[in-house]
Structures are given as structure tokens and as C-alpha cells.
Amino acid sequence: MWCGSTDSVETFRNEPRCGLCREKEAVIDEAKQFIGMYGLRPLGGTLASEDEEEREYRVTARDAREVLNRIRLEKLPDPAAVRKALRPRAAAVVNAPASPSATPAKAPTKKSQAGVTGIDAIELQARVEKLLVQLTSVDEQISALDGVQGLPARARMKDLERQRTTVLTTLAALEKARRRTT
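Residues numbered from 1 in each chain as written. Predicted model: local features only at pLDDT ≥ 70, side-chain atom pairs only at ≥ 80, totals over all residues. Heavy atoms only, no water.

**Section: the overall build of the protein**
If you tally the helices and strands in the protein, you get 6 helices and 2 strands. The secondary structure elements of the protein, listed N-terminal to C-terminal, are β-β-α-α-α-α-α-α. A burial count over the protein gives 25% of its 182 residues as buried. Of the roughly 12700 Å² of accessible surface on the protein, 55% is carried by carbon and sulfur atoms. (Helix = DSSP H or I, 4+ residues; strand = E, 2+ residues; numbered from the N terminus. Buried < 20%, exposed > 50% of the residue type's maximum accessible area, 1.4 Å probe, protein only. Areas by Shrake-Rupley, 256 points an atom, 1.4 Å probe, with all protein chains shown as cover.)

Dropping the structure here:
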């Protein structure tokens, strides 16, 4: 946990983070992705840039990092308090009424939930769904770049292939964890 807030706590990069922390981290990730895509100088001490778009990414990333550093705790909170902050959110998901427009998802059975040790079956399912959406997005980007020539296109393709491999590896690990729970 960065800030110890119990407001809207969810797992982000295998760490519990509040909504504000996740939002600021996403801004920084977006800036890093833009910088990396064009092979520009890494984010850091200066805001010097070649164009307005690059400058905008650098400024927003700097501001987001400043907010994160300002709210970061000097001493990490007690792990039990973090688990407690995560627990109400999981209970709310279980007890939430299903909307008729939502696509039906297979709910975990009592048997599969009873065998879970340290892994929340609902959280596992949610992570898999997010990863599948991410995999679809990466595959679409790879398809769009297919046949494009040039050094930037090759670098972007290599980055996308790395992302795809990471997503597939994570999905395999989650499937292995799911199998251990049933």
C-alpha cells in the first residue's frame, strides 16, 4: 500500500492500492508507454521535449509521481489491515445483484471456494477476464502493425510480442492456481 487509504482498494501490480494511487500509476504507465513507443529519452528530471504531445506526457507523469510521493507512507501499514481493507470489496462483489444486461459469467461453486487457500476465486476470475481483454487489445495492435516497415514499427512489434508473452504466462499461472483450488 502506498498511502494506507481504505477507499476503493484493489490489487494493482500484485499490490493493494487505493483508487487514487491506481489512477496516478496508470498516468505514469501511459507516459512510459508513449516514451518507449517512440524511443524517447526516459522520464526524469527535465521536461525538455521535441513536441507538445511529448511535453504533455512528461508533465502529467511528473505531476502524478509528485502526488504519489506526497501521499506515500513512510512506514508500510500492517498486512492484516490491508487484507481487511480488501475484504469488504470482495464481499460487495459477491452480494451485488446481477444486472440483466450483463453477460452471464460462471460463478464459482461452493466446492471450489472451500478449497481456496490464500487465493480468492472471485478475484482470480476477475484477473483472468482483465488479462483476456488485454490480450485481445495486444493482438489487435499486432494485427494493425503487420506488414509495416521501419525501425519504430519493429520496435513496437517486439514490445507487443513481449506484452503478449507476459499476458499468456500470467494466464497460465492463474489457470494453474485455479486448478489447485478445485
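**Some details on helix α2 (residues 52-71)**
Every α-helix winds through 3.6 residues per turn, so residues three or four apart in the chain are directed the same way. Its 20 residues give α2 an end-to-end C-alpha distance of 29 Å, which sits within 8% of 28 Å, the value for a rise of 1.5 Å per residue. Within α2, burial applies to Glu54, Tyr57, Arg58, Ala61, Ala64, Val67 and Leu68. The inward-facing, buried residues of α2 contact α1 (19-37). (Expected span 1.5 Å × (residues − 1). Contact = heavy atoms within 4.5 Å.)

**Overview of the environment of isoleucine 142**
Among the structural elements, isoleucine 142 can be located in helix α5 (residues 121-145). Once the C-alpha coordinates of isoleucine 142 and glutamate 161 are considered, the two residues, 19 residues apart in sequence, prove to be 7.8 Å apart. What isoleucine 142 contacts, discounting residues up to four positions off in sequence, is Met157, Leu160, Glu161 and Arg164.

**Some details on a negative patch on the surface**
A contiguous patch of negative charge, built from Glu50, Asp51, Glu52, Glu53 and Glu56, is present on the exposed surface. Judged by its relative accessible area of 73%, glutamate 50 falls in the exposed class. (Patch = residues over 30% accessible without salt bridge, like charges linked within 9 Å, V, L, I, M, F, W, Y side chains within 5 Å. Salt bridge = Lys/Arg side-chain N within 4 Å of Asp/Glu carboxyl O. Lys, Arg positive; Asp, Glu negative; His and termini not counted. Charge placed at Lys NZ, Arg CZ, Asp CG, Glu CD.)

**A short note on the pattern of salt bridges**
All told, the structure shown has 7 salt bridges when counted by the stated rule. One salt bridge connects arginine 17 with glutamate 25, and the closest N-O pair in it is separated by 3.4 Å. Glutamate 25 carries the same exposure label as arginine 17, and that label is buried. A salt bridge links aspartate 159 to arginine 156, with the shortest nitrogen-to-oxygen separation between them at 3.0 Å. With a gap of 3 residues between them, aspartate 159 and arginine 156 both fall in helix α6 (residues 151-181), about one helical turn apart. With relative accessibility at 27%, the residue aspartate 159 sits in the partly exposed group.

**Things to note about the confidence of the model for the protein**
When pLDDT is averaged across the protein, the result is 75; 73% of the residues are at 70 or more. Looking over the protein, one finds the lowest element-wise mean pLDDT in helix α4 (residues 110-114), namely 42, and the highest in α2, namely 89. Predicted confidence is poor over residues 89-117, with pLDDT under 50, and the contacts of this stretch with residues over four places away or in other chains come to 20 contacts. (pLDDT = per-residue confidence, 0-100.)

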